[in-house]
Amino acid sequence: MTTMANKDTSKTITKKNLINGISQEKGIHPNDVRSVIQAFLDKMTDCLSEGDRLEFRDFGVFEVVHRKQKIGRNPKNASVPIVIPARKAVKFTPGKKMKKQIEGA
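This structure is a prediction, so every number in the text was calculated from the model and none was measured.

Draft legend 1. Looking closely at the overall build of the protein chain. Secondary structure summary: the protein chain contains four helices and five strands in total. When its helices and strands are written in sequence order, the protein chain yields α-α-α-β-β-β-β-β-α. For 105 residues, the compact-globule formula gives about 13 Å, and the C-alpha radius of gyration of the protein chain, at 19 Å, lies well above that figure. For the protein chain, the spread of C-alpha atoms along the three principal axes comes to 60 × 40 × 30 Å.

Below, the structure is given as structure tokens:
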């Protein structure tokens, strides 16, 4: 399957969709699920902003990486080079179980 075929059949799942799905599956009030998910996301953001690496077995690893400064091109005017400044970015590397499940899908 090509990437375009996957894009046409995929859908966007929002935090609200996840909260409602987990709430229904586990029989927990949506406000309780929302509170836990938001606390989890906030804690992840705090850890990453401090430079910590987050590793979730079978799921994957989140880590902050440093992107070097580079020269790019403005798509509207390809002849004009622009400097893309150095920056920090979050990198996600999927775990074995996730890779296997996605590749099998």
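On we go.
Draft legend 2. Structural detail: unusual backbone geometry. Positive phi, normally seen in glycine, also occurs at Asp 58, with a value near 70°. Along the chain, Asp 58 turns up in the loop between strand 1 (54-56) and strand 2 (60-67).

Draft legend 3. A look at the nonpolar core. Met 44, Cys 47, Leu 48, Leu 54 and Phe 62 together form the largest nonpolar core, which totals five residues. The element that contributes the greatest number of residues to this core is helix 3 (residues 30-49), accounting for three residues.

Draft legend 4. Geometry of the sheet that holds strand 5 (residues 87-94). An order of 1-2-5 is seen for the three strands of this open sheet, with the pairing classed as antiparallel. On the outer flanks of this sheet lie strand 1 and strand 5, each paired with one strand and no other. Between one strand and the next, the sheet's axes are offset by a mean angle of 25°, whatever the strand orientation. Bridge count for strand 2 against strand 5 is eight bridges, and the pairing is antiparallel. Counted as the bridge partner of Glu 63 is Lys 91 from strand 5. Of the strands in this sheet, strand 1, strand 2 and strand 5 are in contact with helix 3, which crosses strand 1 at around 135°.

Draft legend 5. Expanded view of the pairing of strand 3 (residues 70-74). Relative to strand 4 (residues 77-84), strand 3 runs antiparallel, the two sharing five bridges. Bridge pairing in strand 4 places Gly 72 opposite Ile 82. With antiparallel pairing between neighbouring strands as the criterion, strand 3 and strand 4 make up a hairpin whose turn holds two residues.

About the cut-offs
Residues numbered from 1 in each chain as written. Predicted model: local features only at pLDDT ≥ 70, side-chain atom pairs only at ≥ 80, totals over all residues. Heavy atoms only, no water. Helix = DSSP H or I, 4+ residues; strand = E, 2+ residues; numbered from the N terminus. Rg over C-alpha atoms; globule rule 2.2 N^0.38 Å. Core = buried A, V, L, I, M, F, W, Y, C linked by side-chain atoms within 4.5 Å. Buried < 20%, exposed > 50% of the residue type's maximum accessible area, 1.4 Å probe, protein only. Pairing = 2+ DSSP bridges. Axes fitted to C-alpha atoms, helices over the stretch in contact; angles between N-to-C directions. Contact = heavy atoms within 4.5 Å.

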